Each structure stands twice: as structure tokens, then as C-alpha cells.
Amino acid sequence: GAVVSQHPSRVICKSGTSVKIECRSLDFQATTMFWYRQFPKQSLMLMATSNEGSKATYEQGVEKDKFLINHASLTLSTLTVTSAHPEDSSFYICSARTGSESNQPQHFGDGTRLSIL
Amino acid sequence: DAKTTQPTSMDCAEGRAANLPCNHSTISGNEYVYWYRQIHSQGPQYIIHGLKNNETNEMASLIITEDRKSSTLILPHATLRDTAVYYCIVRSYSGNTPLVFGKGTRLSVIA
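Presented here is an overview of the structure given in this document. Quantities reported herein were computed from a predicted structural model and do not represent experimental measurements.

1. Details of the state of the cysteines
Residues and elements named next belong to chain A.
- On inspection of all chains with the given rule, the structure shows 2 disulfides over all chains.
- Put simply, C23 and C94 are joined by a disulfide, and their sulfur atoms are 2.0 Å apart. Because the sign of the S-S torsion sets the handedness, a value of about 80° for the bond joining C23 and C94 places this disulfide among the right-handed ones. Separated by 71 residues along the polypeptide, C23 in strand β3 (residues 19–25) and C94 in strand β9 (residues 90–97) bring together distant segments of the chain.

Below, the structure is given as C-alpha cells:
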């Protein structure tokens with residue numbers, strides 16, 4: 001089945017650092033990728049939708065200048081948390097779906113746990 | 001606004017069938033029902049999806065009522081590894097809309 005790989009799985013860094021998270025579709029081309037965030041004991045919240053070769057669409061309340069998304073190829077999307085602060089500590093999860101059949105399920109990476117000290 | 005309603009939590013004895021209900025009374029004709037589960041500290045795992053017919057795969061069965069206002073996910077022989085949060089999500093098959101997660105059902109499989 002389709003596999004989405006996310007790296008790194010865990011990051012611990014100091015406040016003010018920028019952190020890049022990679023999301024790759026390993027055996028399919030993903031025209032669209034989605035980024036979610038999950039706080040403890042809460043459900044996944046959609047942050048943004050990224051389309052290959054175009055600008056990402058951000059959900060209301062998500063700062064596009066803080067969460068930079070790049071989807072430069074059909075197999076790679078990156079999320080950069082710029083100047084991270086403790087309140088950005090969360091579980092970040094990417095997801096991908098091919099655009100060929102719109103009823104196809106989204107497949108998810110295993111998430112990146114970000115801890116800002 | 002939540003499009004689905006699920007019980008907050010359920011218990012199931014190991015080896016028995018786990019039946020997880022989902023209410024989606026406002027579902028539209030172009031919306032599929034998707035089921036995912038999330039085991040602690042992992043990304044969501046796709047289980048199954050359907051439009052109006054019942055579906056079965058190696059993981060589970062999905063039973064959708066004739067009026068499509070509710071569905072049930074069935075894990076035929078639950079194991080301890082099936083303990084997870086199960087999400088029922090409806091999504092239009094037109095366009096490129098993302099999955100929107102509700103709170104799901106926390107299933108605990110008990111030995």
C-alpha cells in the first residue's frame with residue numbers, strides 16, 4: 001500500500017530555532033499533501049494544504065510566515081517552523097493523496113514530535 | 001461543525017467483535033465515509049471507506065445503513081493491538097478536500 005515517510009520523528013531544540021520537517025510519498029506521486037498538528041489528548045487539526053508547484057493554502061488562524069510550506073516535487077513537501085517557541089511544541093503529521101482519483105484515501109506519516117525548550 | 005458523531009469511548013473483550021458506531025445524518029450524496037485509527041504517538045492509519053455499499057477488507061468491515069445516515073465499523077476479532085482512537089470521517093469525493101477529524105472513539109481492547 002501507499003507509504004508516507006516523515007522525518008525526523010522527534011526534534012528537541014531551543015526556543016528561537018527554525019525546524020524543518022520533511023514528508024515524502026515513497027511509492028506514489030502526491031499532487032496534494034496536507035499538514036496537521038495535534039496537541040496532547042486532542043484530535044488532529046488541519047494546518048494547511050500544499051499543492052505541488054503552487055502556494056500552500058493555510059487554515060484560518062495558522063500563520064503562513066511562521067509555518068513555511070514548500071511542495072517542490074511530486075514526492076516531497078516540507079514544513080518549516082520558523083523561530084519556534086514552546087507553544088509550538090506539538091505533534092506534526094503530514095498526509096498525502098494522489099490527485100488522480102479523488103475518493104482515494106489519504107495516507108499519513110508517523111508524525112514528528114516537536115519539543116521546544 | 002462536526003459532521004459525524006461517535007461515542008467517546010468503548011471497551012471490547014479480546015477475541016470478540018468490536019462494533020464501532022458512527023452517526024452522519026447530514027451526509028450528502030457525494031460524500032464517502034472513511035474510517036481511520038490512531039494508535040498512541042503514531043500517525044492515523046487508513047482502515048476502510050465506502051459510499052453506500054457494505055465493504056470488507058483484511059482489516060475490517062464497514063456496514064452503511066440504507067439511508068446512509070449511520071455506519072458501523074466491525075473489527076471481527078479484536079486484539080490488544082487494536083486499542084486505538086477510531087475516527088469516522090465523511091468527505092466529498094469531488095475536489096481535493098482534506099480529511100477533517102472529529103474526536104473519535106477511544107477503543108480499549110481488554111484481555
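2. Some details on the pattern of salt bridges
- In the structure shown here, the tally under the stated rule is 4 salt bridges over all chains.
- Across the pair D88(A) and K66(A) runs a salt bridge whose closest N-O atoms are separated by 2.9 Å. Here K66(A) lies in the loop between β6 (57–58) and β7 (67–73) and D88(A) lies in the loop between β8 (76–81) and β9, a separation of 22 residues in the sequence. K66(A) matches D88(A) in its accessibility class, with the two residues each being buried.
- Linking K3(B) and E31(B) is a salt bridge whose minimum nitrogen-to-oxygen distance equals 2.5 Å. Here the residue K3(B) occupies a position in the segment before β1 (9–13), and E31(B) occupies one in strand β3 (residues 31–38), the gap between them amounting to 28 residues.

3. Focus: the pairing of strand β4 (residues 45–50) of chain B
All names here are of chain B.
- Pairing of β3 with β4, which is carried by 5 bridges, proceeds in the antiparallel orientation. Across the sheet, residue V33 finds its bridge partner in β4, namely G50.
- Where β3 folds back onto β4 in an antiparallel hairpin, the turn is made up of 6 residues, including S41, whose phi is positive at roughly 65°.

4. Points about the interface of chain A and chain B
- On the side of chain B, 22 residues touch chain A, which itself brings 21 residues to the contact.
- Counting the surface lost from both chain A and chain B, the interface buries some 1,600 Å², and carbon and sulfur atoms represent 49% of this.
- On inspection of chain A and its partner chain B, the count reaches 0 salt bridges.
- Between the two partners, chain A and chain B, sit 6 residue pairs in polar contact (both at pLDDT 80 or more).
- Those elements that provide at least two residues to the side of chain A that touches chain B are β4 (32–38), β5 (45–51) and β9 of chain A.
- Considering every element that reaches the side of chain A that touches chain B, the biggest residue donor is β4(A), with 4 residues.
- A per-class count over the side of chain A that touches chain B returns 8 nonpolar, 10 polar and 3 charged.

Quick notes on the rules
Residues numbered from 1 in each chain as written. Chains lettered and ligands numbered in written order. Predicted model: local features only at pLDDT ≥ 70, side-chain atom pairs only at ≥ 80, totals over all residues. Heavy atoms only, no water. Disulfide = S-S within 2.5 Å. Helix = DSSP H or I, 4+ residues; strand = E, 2+ residues; numbered from the N terminus. Salt bridge = Lys/Arg side-chain N within 4 Å of Asp/Glu carboxyl O. Buried < 20%, exposed > 50% of the residue type's maximum accessible area, 1.4 Å probe, protein only. Pairing = 2+ DSSP bridges. Contact = heavy atoms within 4.5 Å. Buried area = accessible area lost by both parts, 1.4 Å probe. Polar contact = N/O pair within 3.5 Å; in protein donor to acceptor, adjacent residues only side chain to side chain. Nonpolar A, V, L, I, M, F, W, Y, C, P; charged D, E, K, R; others polar.

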